[in-house]
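# Residue-level structural notes
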Amino acid sequence: QVQLVESGGGLVQAGGPLRLSCAASGRTFSPYTMAWFRQAPGKGREFVAAANPTDGSTRYADSVKGRFTISRDNGKNTAYLQMNSLKPEDTAVYYCAAKFGIATTYPEHYPYWGQGTQVTVSS
């Protein structure tokens with residue numbers, strides 16, 4: 001079992017930066033893909049970014065490419081999402097997720113989830 005806890009959300013003006021953190025515990029961190037999803041009110045859960053354990057490669061949703069960066073520190077069992085140039089449409093609850101094996105973009109593939117952290121971008 002893996003436990004995930006997000007932090008770092010809040011209110012930010014459009015164009016500004018914000019960094020989210022995800023602290024993991026329970027199982028060995030390194031073999032797991034770490035990912036970020038988001039969900040706006042009344043909408044489905046959307047893939048944002050993932051870090052692959054096999055080669056350290058990353059993948060991003062087209063909507064955040066060039067603005068968001070996912071990273072991980074295995075020594076601290078922590079993953080991060082650095083968000084820059086934020087837009088009002090980025091407003092959502094952001095969730096950290098983990099799965100064993102290679103990265104995918106489908107939320108139903110991820111068995112481990114954090115509680116979510118609210119990100120609100122004002123215009």
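This write-up is about the structure you can find in this document. This structure is a prediction, so every number in the text was calculated from the model and none was measured. (Residues numbered from 1 in each chain as written. Predicted model: local features only at pLDDT ≥ 70, side-chain atom pairs only at ≥ 80, totals over all residues. Heavy atoms only, no water.)

With five of its six residues buried, strand E8 (residues 78–83) lies for the most part within the structure. Two elements, strand E3 (residues 18–25) and E8, share six bridges in a ladder whose sense is antiparallel. Considered in E8, the bridge of Ala23 is made with Thr78. Taken together, the six bridges between strand E7 (residues 68–73) and E8 define a ladder with antiparallel strand orientation. Within the sheet, the bridge partner assigned to Asp73 lies in E8 and is Thr78. In this structure, the hairpin formed by E7 and E8 is closed by a connection of four residues, where Asn77 is found at a positive phi of approximately 50 degrees. (Buried < 20%, exposed > 50% of the residue type's maximum accessible area, 1.4 Å probe, protein only. Helix = DSSP H or I, 4+ residues; strand = E, 2+ residues; numbered from the N terminus. Pairing = 2+ DSSP bridges.)

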